[in-house]
Amino acid sequence: MSSQTVNEDRRFTRETGQERAVADLAEPMLEELGFRLVRVKISGRDGGTVQIMAERPNGEMTVEDCATISRRLSPVLDAYDPMPGQYRLEVSSPGIDRPLVRPSDFALWTGYEAKVELKEPVDGRKRFKGLIEGVVKDEVRMRIELEGKAEPVTIGLPFALISEAKLVVDMGGFRADLAGKKPVH
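Rules used throughout
- Residues numbered from 1 in each chain as written.
- Predicted model: local features only at pLDDT ≥ 70, side-chain atom pairs only at ≥ 80, totals over all residues.
- Heavy atoms only, no water.
- 1 Å grid on protein atoms, 1.4 Å probe; cavity = no way out; pocket = protein on both sides within 12 Å on 5 of 7 lines; lining within 4 Å.
- Points joined across faces, edges and corners; volume = space filled by probe spheres on them.
- Helix = DSSP H or I, 4+ residues; strand = E, 2+ residues; numbered from the N terminus.
- Nonpolar A, V, L, I, M, F, W, Y, C, P; charged D, E, K, R; others polar.
- Salt bridge = Lys/Arg side-chain N within 4 Å of Asp/Glu carboxyl O.
- Buried < 20%, exposed > 50% of the residue type's maximum accessible area, 1.4 Å probe, protein only.
- Expected span 1.5 Å × (residues − 1).
- Bend = angle between axes of the 7 residues up to and from the residue.
- Contact = heavy atoms within 4.5 Å.
- Core = buried A, V, L, I, M, F, W, Y, C linked by side-chain atoms within 4.5 Å.
- Pairing = 2+ DSSP bridges.
- Axes fitted to C-alpha atoms, helices over the stretch in contact; angles between N-to-C directions.
- Polar contact = N/O pair within 3.5 Å; in protein donor to acceptor, adjacent residues only side chain to side chain.

**Notes on the layout of surface pockets**
By volume, the second largest pocket amounts to about 400 Å³. If you tally residues by element for the lining of the second largest pocket, the top one is strand 8 (residues 162-167), at five residues. Here the lining of the second largest pocket is composed, by residue class, of ten nonpolar, three polar and eleven charged.

**Overview of the pattern of salt bridges**
Opposite charge on two side chains permits pairing when their charged atoms draw close. One pass over the full model with this rule turns up 15 salt bridges. Measuring nitrogen to oxygen at the nearest pair gives 2.9 Å for the salt bridge that ties D65 to R56. For R56, a relative accessible area of 30% puts it in the partly exposed group. A single salt-bridge network, built from bridges that share partners, covers R11, R14, E15, R20, D24 and E27.

**Overview of helix 3 (residues 63-80)**
With 18 residues, helix 3 should cover 26 Å at 1.5 Å per step; its first-to-last C-alpha distance of 26 Å lies within 8% of that length. Along its length, helix 3 shows its largest kink, about 30°, at L73, and proline P75 lies within four residues downstream of that point. Those residues of helix 3 that fall on the buried side of the exposure criterion are D65, C66, I69, L73 and L77. Turning to helix 3, the residues buried within the fold contact helix 2 (17-33), strand 2 (49-55) and strand 3 (88-92).

**Side note on the nonpolar core**
The tendency in soluble globular proteins is for nonpolar side chains to be buried as a group. Ranked by internal contacts, the top residues of the largest apolar core, which has 19 residues, are L30, I52 and I69. Where this core is concerned, the elements lending two or more residues are helix 2, strand 1 (36-43), strand 2, helix 3 and strand 3. A total of five residues in this core trace back to one element, the largest contributor, which is helix 2. In this structure, I52 is in contact with V22, A26, L30, L37, R39, V40, L73, L89, E90, V91 and S92, ignoring residues within four places of it in sequence. Formed by 18 residues, the second largest nonpolar core is a distinct cluster that contains F12, I132, M142 and I144.

**A closer look at the sheet that holds strand 1**
Reading across the sheet, the three strands line up as 1-2-3 and stay open at both edges, with mixed pairing between neighbours. Every interior strand has two partners, whereas the edge strands, strand 1 and strand 3, have only one. Each adjacent strand pair in this sheet contributes to an overall mean axis angle of 20°, direction not counted. Sheet topology places strand 2 next to strand 3; five bridges connect them, and they run parallel.

**As for the side chain of Q51**
As for its placement among the helices and strands, Q51 is situated in strand 2. For Q51, a relative accessible area of 15% gives the class buried. A distance of 3.4 Å separates polar atoms of two side chains, one belonging to Q51 and the other to E90. Leave out the neighbours within four places in its chain, and Q51 touches R39, V40, K41, E90 and S92.

**Comments concerning helix 2**
An ideal rise of 1.5 Å per residue puts 24 Å on 17 residues; helix 2 measures up with 25 Å between its terminal C-alpha atoms. The largest bend along helix 2 measures about 25° and falls at A26, with the proline P28 one to four residues further on. Within the sequence span of helix 2, burial applies to E19, V22, A23, A26, E27, M29 and L30. Along its buried surface, helix 2 packs onto strand 1, strand 2 and helix 3. Directly after helix 2, the chain includes G34, whose backbone phi takes a positive value near 90°.

In structure tokens:
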């Protein structure tokens, strides 16, 4: 992958505060190990939890991968101490309702339903739900239902305006995957 391609596929969502400090420490280490950072979340759950969501560039993640990341990242976090007090480090895969944080995520999940929230309204709306149709230049193309329209319409949402995006869980597709059948899109 060329450096231009890598830069074009950087995460368009960025953490703030303590989550940003953890992400800044974790992302280079993850890349060195061959993983991509998906998201960092910090919560007060269980006396303090730092959740690192990561994956391989092909979207895969095993339990062994989580353990490897945890073993390598824990000493880094201990040395730089971006969190006051004690916390539990939790490393996980994105899961079935995965966040979409890169243009390539939308390209990979073309044909699936997603929810997108924007930083500022477009035509009076900040929230959109629809079928991902693909990526064109610097925006995701989605087929959505619009009030007053008989048929769904395709819109483009610029990556620069997306504050949060995630797949919508398709339980029928999930059950089909578990049964070894591919869902029809």
